[in-house]
Amino acid sequence: MTGILIENISRSFGSFQAASRINLEIASGSLIALLGPSGSGKSTLLRLIAGLETPDSGLIEINGRDVTYKSVRSRGIGFVFQHYALFKHMTIRQNIAFGLELLKAPKPKVRAKVEELLSLVQLQGLGDRYPSQLSGGQRQRVALARTLAVEPQILLLDEPFGALDAKVRKELRTTLRRLHEQVNALSNSGGDLPNPRVNVTTIFVTHDQEEAMELADRIVVINKGRVEQVGTPAEIYDRPATAFVMSFVGPVNVLPSTSNIFHHQSFTSLDSQVFLRPHDVLIQTQPEETSVLAKINRIVHLGWEVKVELSLKDGQEVTAYITRETLDRLQLTSAQKVYIKPRKALAFASVA
């Protein structure tokens, strides 16, 4: 079932085209990442779905209902911002209960829902504290709980972890994925949270490729106000549709098609650039017919993997990622002469 249907949506701000004839279908109950660089239009698209922006043209449907020009309140949207927007003078319980009290929900239901949500976001025992007494990661969990309290059909998050340090961001990714799955499990079982008639569709904006790959069922890659590709994390990484997707999602070497590392491959004259993932660079200590000579410039230990920076005879620089086991087996050192070859390379006319 399609939860959200977007047809030919456009939005400009003066001469800047933030969204250009975007078409997108998002299944009910899915977890979607809008991924792109700063200024690509991903936050604008999120705000258009929420009703915080009005499109210049196009159609937005939520669960089969045209909401293109409907108010935010009528859309069943829950919005979580990067900077929490919690009420500083209210306790955590009061923050979570706020939306329910506005809806004049019965007090016993409010109390039960608040305790359920505190458990769901793993903040049991902290309900009487104030936001200033919590860490950044805990405050973001409160923001998530407060948004879920009013049982939204759609949960929108705009760079929700951007203000947090790397360790906390990683922990909250796990929290968000778990929350999404648990909330929909409760929905499907007819539980009290959320509305059992509709699964919660979660859409989050990020410029962090790892975050999108780790969290999302499907990724929407956006660039210059347009959708470049929609697919699963594996499809986006392994079968990129454009040069932009290949260069933006995951590390990549960009080399001219004339580089001698591709001497055994045939690229047309239109293939001005060839994209080679560092994981697809094979390092050997003995030559083969398809390998080329390279010199190791630097070896960088990155924990479970190792980055090897190399230069080719034609002056091109190439980065390879290998395991620590491979490094030890080959006994690689800086300034060593080795032989490399590509396992897989993709050619595009130019970088978007």
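Residues numbered from 1 in each chain as written. Predicted model: local features only at pLDDT ≥ 70, side-chain atom pairs only at ≥ 80, totals over all residues. Heavy atoms only, no water.

A. Local environment of the overall build of the chain. Tallying secondary structure elements over the chain gives 9 helices and 18 strands in all. On the principal axes, the C-alpha backbone points of the chain span a range of 75 × 45 × 40 Å. Going through the 352 residues of the chain one by one, you find that 48% of them count as buried. Expressed as a percentage of contacts within the chain between residues at least 6 apart in sequence, the contacts between residues at least 24 apart total 66%. On the chain, roughly 16,700 Å² of surface is accessible, and the fraction owed to carbon and sulfur atoms is 50%. For the chain, the centre of its 41 positive side-chain charges and the centre of its 35 negative side-chain charges are spaced 5 Å apart. (Helix = DSSP H or I, 4+ residues; strand = E, 2+ residues; numbered from the N terminus. Buried < 20%, exposed > 50% of the residue type's maximum accessible area, 1.4 Å probe, protein only. Contact = heavy atoms within 4.5 Å. Areas by Shrake-Rupley, 256 points an atom, 1.4 Å probe, with all protein chains shown as cover. Lys, Arg positive; Asp, Glu negative; His and termini not counted. Charge placed at Lys NZ, Arg CZ, Asp CG, Glu CD.)

B. Structural detail: the environment of Pro 287. Residue position: Pro 287 is located in the loop between strand E13 (281-284) and strand E14 (292-301). Pro 287 sits 51 residues away from Val 338 along the chain, and the two C-alpha atoms are 8.0 Å apart.

C. Structural detail: the pattern of salt bridges. Per the counting criterion, the structure on display carries 18 salt bridges. Among the salt bridges present, the one from Glu 211 reaches Arg 173, with a minimum N-O distance of 3.7 Å. Highlighted residues: Glu 211 in helix H6 (residues 209-215) and Arg 173 in helix H5 (residues 166-188), separated in sequence by 38 residues. Taking relative accessible area as the criterion, Arg 173 reaches 4% and is therefore assigned buried. (Salt bridge = Lys/Arg side-chain N within 4 Å of Asp/Glu carboxyl O.)

D. Just the sheet that holds E14, in detail. Reading across the sheet, the 5 strands line up as E13-E17-E14-E15-E16 and stay open at both edges, with antiparallel pairing between neighbours. Two strands in the sheet have a free side with no partner beyond their single neighbour: E13 and strand E16 (317-323). Mean inter-strand twist for the sheet, computed between neighbouring axes without regard to direction, equals 45°. Summarising the sheet, E14 and strand E15 (residues 305-312) pair through 7 bridges and their orientation is antiparallel. Each residue of the ladder has a partner; that of His 301, found in E15, is Val 306. (Pairing = 2+ DSSP bridges. Axes fitted to C-alpha atoms, helices over the stretch in contact; angles between N-to-C directions.)

E. Region of interest: the sheet that holds strand E6 (residues 77-80). Spatially, 6 strands are ordered E6-E7-E8-E3-E9-E10 in an open sheet, and the strand pairing comes out mixed. Among the strands making up the open sheet, the edge pair consists of E6 and strand E10 (226-231). Strand-to-strand twist of the sheet, defined as the mean angle between neighbouring strand axes without regard to direction, takes the value 20°. Sheet topology note: the strand E9 (residues 218-223)/E10 ladder contains 5 bridges and is antiparallel. Its bridge partner being in E10, Val 221 is matched across the sheet by Gln 229. Each of E6 and strand E7 (154-158) touches helix H4 (residues 136-149); the most contacted strand, E6, lies at about 170° to it.

F. View of H4. Along its 14 residues, H4 runs 20 Å from first to last C-alpha, staying within 8% of the 20 Å computed at 1.5 Å per residue. Every buried residue belonging to H4 is among Gly 136, Gly 137, Gln 140, Arg 141, Val 142, Ala 143, Leu 144, Ala 145, Arg 146, Thr 147, Leu 148 and Ala 149, and all of these are buried. Downstream of H4 by one or two residues, Glu 151 has phi in the positive range, about 55°. (Expected span 1.5 Å × (residues − 1).)

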